[in-house]
Amino acid sequence: MSTAEPTVDEIVRFLSDGLGRELLARTVGVRRRTLASWLRKSSSPSPRSRVRLIGAFTVWKIVAEVEASETVRAWFIGMKDALDDYSPAEVIAEGRIEEVAAVARAYVQRS
């Protein structure tokens, strides 16, 4: 990915590679076939999905400051006390991105 702000298409591809299609679809709150259509560029994410994609990408970048890609993926799946024992992926799917970003920043500070 370039140093400029990535496009939503680039974010979709990046997160699909990093999280996997199933987890990314759950994180954004869409079906896998919807995600597949974004990857084929036969449709575009809705405004709500765009917010969740950008939020997930931002959280990924935060955690990736201190962890390898495999660990970042695991971080998205694992239950977090600070998120009432929900995973970051589940909380992002609810649109509560700022909460997840705050937990990610605290995680990086402890690392």
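Further up the page is the structure itself.
Residues numbered from 1 in each chain as written. Predicted model: local features only at pLDDT ≥ 70, side-chain atom pairs only at ≥ 80, totals over all residues. Heavy atoms only, no water.

**Structural notes on the pattern of salt bridges**
Working step 1: Summed over all chains, the structure comprises 5 salt bridges.
Working step 2: With a shortest N-O distance of 2.3 Å, arginine 96 and glutamate 94 are connected by a salt bridge.
Working step 3: Under the relative-accessibility criterion, glutamate 94 is labelled partly exposed at 45%. (Salt bridge = Lys/Arg side-chain N within 4 Å of Asp/Glu carboxyl O. Buried < 20%, exposed > 50% of the residue type's maximum accessible area, 1.4 Å probe, protein only.)

**A few points about helix α1 (residues 8–19)**
Working step 1: Here α1 contains 12 residues, and its C-alpha end-to-end distance of 16 Å stays within 8% of the 16 Å for a straight helix at 1.5 Å per residue.
Working step 2: Among all positions in α1, only Val8, Ile11, Val12, Leu15, Ser16 and Leu19 are buried. Along the long axis of α1, the arc covered by the buried residues comes to 130°, so they all point the same way.
Working step 3: Where α1 is buried, its residues contact α2 (21–28), α3 (32–40), α4 (47–64) and α5 (69–77).
Working step 4: Glycine 20 lies just past α1 and shows a positive phi near 90°. (Helix = DSSP H or I, 4+ residues; strand = E, 2+ residues; numbered from the N terminus. Expected span 1.5 Å × (residues − 1). Arc of directions from axis to C-beta. Contact = heavy atoms within 4.5 Å.)

**What about the packing of aromatic side chains?**
Working step 1: Taken as a whole and assessed by the stated rule, the structure comprises 5 aromatic pairs.
Working step 2: Arranged with centres 5.5 Å apart and planes meeting at 90°, the rings of phenylalanine 14 and phenylalanine 57 form a pair that is edge-to-face. Of the two residues, phenylalanine 14 sits in helix α1 while phenylalanine 57 sits in helix α4, which places them 43 residues apart along the sequence.
Working step 3: With relative accessibility at 29%, the residue phenylalanine 14 sits in the partly exposed group.
Working step 4: Connected via pairs of aromatic rings, a cluster forms that spans Phe14, Phe57, Trp60, Trp75, Phe76 and Tyr107. (Phe/Tyr/Trp six-rings, centres within 6.5 Å; stacked < 30°, edge-to-face > 60°.)

**So, a positive patch on the surface**
Working step 1: Taken together, the side chains of Arg13, Arg21, Arg40 and Lys41 define a basic patch exposed on the protein surface.
Working step 2: Here arginine 21 lies in helix α2.
Working step 3: Classification of arginine 21 as partly exposed rests on a relative accessible area of 41%. (Patch = residues over 30% accessible without salt bridge, like charges linked within 9 Å, V, L, I, M, F, W, Y side chains within 5 Å. Areas by Shrake-Rupley, 256 points an atom, 1.4 Å probe, with all protein chains shown as cover. Lys, Arg positive; Asp, Glu negative; His and termini not counted. Charge placed at Lys NZ, Arg CZ, Asp CG, Glu CD.)

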